[in-house]
Amino acid sequence: MTPSVEKLFAFLRQSPTPFHAVETIRKELDAQGFHALEESARWTLRPGEKYYVTRNLSSIIAFMLPTAKDWSGFQIVASHCDSPTFKIKSNAEISVRGNYTQLNTEMYGGMLCASWMDRPLSVAGRIVVRTGDGVATRLVKVDRDMVLIPNVAIHMNRQANDGVKYNPQVDMLPLYGDGEASGGFLAEIASTAGVQQQEILDTDLFLYNRMPGTVWGKNGEYISAPKLDNLECAYTSLQAFLRCDVKTLHGIPLCCVFDNEEVGSTTKQGADSTLLYDVLRRITLGLGQTEEEYYTAVASSMMLSADNAHAVHPNHPELTDPTNQVFINKGIVIKYNARQKYTTDGVSGAIFKAICQRAGVPVQTFVNRSDMMGGGTLGNISNSHVSLNTIDIGLPQLAMHSSYETAGTQDVQYMIDGIAAFYQSGVTAVKDGQYRF
Ligand code: CO
């Protein structure tokens, strides 16, 4: 296993929910000497220092301030840390004929339901507890094979191989235990979190897949793991960001990881919020600059929107565009869409290609078949709040939104190198349509 894949798997293991992903990222930033900022407190920013801020403890933006005074623009990389899963409802327990205890769930995002069946799952998220003077949140991760969603036997559903419809209120409920398990779920969550059950006022709990990441294929060319979409981009962009050196920076690099992309980003902490706008404003003002300088900085800036892309499927190559075929381990994918669901245009695509070329990182291009809709991501959504030249990129993967996805061993390093080259390029606009890097 390459060191970057090993570190990626550790990152995935530690990040079963967006709350945990942000905590994992914070720990790494803390270890690297970053200062934590609170949105609800006054910011005092100093050149040459490194900072991060969270919102809802499920989105995070980290940035470094160059020592140089004449910085121009922001170099932004945005990814997301949520993945499709099932959210545990309040009053979760359901008794089935007195002999089973199930958990009541609802879908979070658009998953491939079948991939959640017949495999060990568990529960993680956060609880909110009463404290002496208010409430506070606690992370919780049940670190054991806790629940499972059993399939219906083929003998009881002869159509199972001819296309199945899954009803989330019926077919996707996880089994927690037998009749004796009744009343035990919240007690187990409380004891895992080290609190009394009656202290828990509310919860944000989700299922997670217990299967660890694995390297496979003839020459170990493939990796499979839960949540590669999009923790692979969150992880690689963080590693690339941490390579920046405040002494040699020409711009201000930001590493943004947003929650709620899989449900449309329209939350207070999602990419469709004011979070990025607020942070860029506070950086500019915190450095003693004017309103005018905020506008020139944003106009000189660039953003990478990093979210995984579809590789050609081995059993269904016909699902891919005839001339833009993406393969695993062939490099970073640049995504295009005429309706601008992906933000890349000729200029932003050219800039990123040139940066990767200079760094020796291979790139490939993705466009949906003209008769297929494809998915969206957070680049164009973020642009509606802070509008700047943006490129949509990702790593090639198979089985997107399965609970166990597949990608390429080599691509992990390509992404780290490509994003690092983007940060270090200090790419900036000379004037409209002309860029220097
Ligand atoms: Co995604």
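Treat the numbers as computed from the prediction; the structure is a model and nothing was measured.

## Here's the deal with the overall build of the chain
- If you tally the helices and strands in the chain, you get 9 helices and 22 strands.
- Against the 2.2 N^0.38 benchmark of 22 Å for 437 residues, the chain shows a C-alpha radius of gyration of 22 Å, consistent with a compact globule.
- The dimensions of the chain, computed from C-alpha atoms along their principal axes, are 70 × 60 × 40 Å.
- Expressed as a percentage of the 437 residues in the chain, the buried residues total 54%.
- Partitioning the contacts of the chain with sequence separation of at least 6, the portion at a separation of at least 24 is 76%.
- Per element, the accessible surface of the chain, about 19200 Å² overall, is 50% carbon and sulfur.

## Some remarks on the sheet that holds strand 16 (residues 332-336)
- Taken together, the 9 strands give an open sheet; going across it, the order is 1-2-3-13-4-14-18-16-17, and neighbouring strands pair in mixed fashion. For this open sheet the edge positions go to strand 1 (35-37) and strand 17 (363-367), each flanked by a neighbour on one side alone. Between one strand and the next, the sheet's axes are offset by a mean angle of 25°, whatever the strand orientation.
- The strands touched by helix 2 (residues 18-31) within the sheet are strand 2 (50-55), strand 3 (59-64) and strand 13 (252-258), with strand 3 carrying the most contacts at an inclination of about 20°.
- Running at roughly 155° to strand 13, helix 5 (residues 275-286) makes contact with strand 2, strand 3, strand 4 (74-80), strand 13 and strand 14 (302-306) of the sheet.

## Some remarks on the packing of helix 2 against helix 4 (residues 228-242)
- One way to put it is that helix 2 packs onto helix 4 with a least axis distance of 12 Å and a crossing angle of 15°. Considering the angle they form, helix 2 stands roughly parallel to helix 4. The handedness of the crossing between helix 2 and helix 4 comes out as right-handed. Touching Ala 21, Ile 25, Glu 28 and Leu 29 of helix 2 are Leu 231, Leu 238, Gln 239, Phe 241 and Leu 242, all from helix 4.
- A class-by-class count of the residues in the contact of helix 2 with helix 4 yields 7 nonpolar, 1 polar and 1 charged.

## Comments concerning the pairing of strand 18 (residues 389-394)
- Of all the 6 residues making up strand 18, 6 are buried; the element is thus mostly covered by neighbouring parts of the structure.
- Here 2 bridges tie strand 16 to strand 18, and the two strands are oriented antiparallel to one another. Pairing of Ile 334 across the sheet is with Ile 393, part of strand 18.

## As for the packing of helix 1 (residues 3-13) against helix 9 (residues 409-425)
- Two numbers describe how helix 1 lies on helix 9: the axes approach to 9 Å, and their chain directions differ by 90°. Accordingly, the angle class assigned to the pair helix 1 and helix 9 is roughly perpendicular. In contact with Ser 4, Val 5 and Leu 8 of helix 1, helix 9 contributes Thr 409, Val 412, Gln 413 and Ile 416.
- Among the residues making up the contact of helix 1 with helix 9, the classes are represented as 4 nonpolar, 3 polar and no charged.

## Points about the nonpolar core
- Core analysis: the largest hydrophobic core is formed by 59 residues, its most contacted members being Leu 29, Phe 241, Ile 332, Phe 352, Ile 393, Phe 422 and Tyr 423.
- Filtering out sequence-adjacent residues up to four positions away, Phe 352 remains in contact with Leu 304, Ile 332, Ile 334, Val 363, Ile 391, Ile 393, Gly 418 and Phe 422.
- Formed by 29 residues, the second largest nonpolar core is a distinct cluster that contains Cys 256, Ala 271, Leu 276 and Ala 297.

## A look at the environment of Gly 374
- Considering the arrangement of structural elements, one finds Gly 374 in the loop between strand 17 and helix 8 (379-383).
- Along the backbone, Gly 374 and Lys 341 are 33 residues apart, and their C-alpha atoms lie at a distance of 9.2 Å.

## Some points on helix 9
- The terminal C-alpha atoms of helix 9 lie 26 Å apart, and with 17 residues this matches the ideal 24 Å at 1.5 Å per residue to within 8%.
- Of all 17 residues in helix 9, 13 are buried; the element is thus mostly enclosed.

## A closer look at the sheet that holds strand 11 (residues 214-216)
- Strand order in the open sheet formed by 5 strands is 11-12-20-19-15, and the pairing between neighbours is mixed. Looking at which strands have only one partner, the edges of the open sheet turn out to be strand 11 and strand 15 (309-310).
- Looking at chain direction, strand 12 (residues 222-225) and strand 20 (residues 405-408) are connected through 4 bridges and run antiparallel. Bridged to Tyr 222 within strand 20 is Gly 408.
- Along the sheet face, helix 9 touches strand 11, strand 12, strand 19 (396-398) and strand 20 and points at about 65° away from the line of strand 20.

## Here's the deal with the pairing of strand 3
- Counted residue by residue, strand 3 has 6 buried out of 6 residues, so it is predominantly covered.
- Alternating residues of strand 3 divide into Ser 59, Ile 61 and Phe 63 and Ile 60, Ala 62 and Met 64, and every residue in both groups is buried.
- Linking two consecutive strands that pair antiparallel, namely strand 2 and strand 3, is a turn of 3 residues; a positive phi of about 65° is found at Asn 56 within it.
- Taken together, the 4 bridges between strand 3 and strand 13 define a ladder with antiparallel strand orientation. Opposite Ile 60, over in strand 13, you have Val 257 as the bridge partner.

## A few points about the packing of aromatic side chains
- Following the criterion strictly, the structure yields 13 aromatic pairs and no others.
- In this structure an aromatic cluster arises from ring pairing among Phe 34, Phe 241, Phe 422 and Tyr 423.
- In this structure, Arg 282 is placed above the aromatic ring of Trp 43, and the distance from its NZ or CZ to the ring centre is 4.2 Å.

## So, the coordination of the cobalt ion
- The protein atoms that coordinate the cobalt ion are His 80 (NE2), Asp 229 (OD), Asp 307 (OD) and Asp 307 (OD), at distances spanning 2.0 to 2.7 Å.
- Relative to the metal, the 4 donor atoms surrounding the cobalt ion lie at angles of 53 to 141°, and the coordination shape comes out irregular.
- Mapped onto the polypeptide sequence, the residues donating to the cobalt ion form the spacing pattern H-x148-D-x77-D. Of this pair, Asp 229 sits in helix 4 while Asp 307 sits in the loop between strand 14 and strand 15; the two residues are 78 residues apart in sequence, bridging distant segments of the chain. In this pair, the class of Asp 229 matches that of Asp 307, namely buried.

What counts as what
Residues numbered from 1 in each chain as written. Predicted model: local features only at pLDDT ≥ 70, side-chain atom pairs only at ≥ 80, totals over all residues. Heavy atoms only, no water. Helix = DSSP H or I, 4+ residues; strand = E, 2+ residues; numbered from the N terminus. Rg over C-alpha atoms; globule rule 2.2 N^0.38 Å. Buried < 20%, exposed > 50% of the residue type's maximum accessible area, 1.4 Å probe, protein only. Contact = heavy atoms within 4.5 Å. Areas by Shrake-Rupley, 256 points an atom, 1.4 Å probe, with all protein chains shown as cover. Pairing = 2+ DSSP bridges. Axes fitted to C-alpha atoms, helices over the stretch in contact; angles between N-to-C directions. Parallel < 35°, antiparallel > 145°, perpendicular 65-115°, else oblique. Left-handed = near helix turned anticlockwise from the far one by under 90°. Nonpolar A, V, L, I, M, F, W, Y, C, P; charged D, E, K, R; others polar. Core = buried A, V, L, I, M, F, W, Y, C linked by side-chain atoms within 4.5 Å. Expected span 1.5 Å × (residues − 1). Phe/Tyr/Trp six-rings, centres within 6.5 Å; stacked < 30°, edge-to-face > 60°. Lys NZ or Arg CZ within 6 Å of the ring centre and 35° of its normal. Donors = N, O, S within 2.8 Å, 3.2 Å for Na, K, Ca; no water. Tetrahedral: all angles 85-135°; square planar, octahedral: opposite > 155°, others 65-115°.

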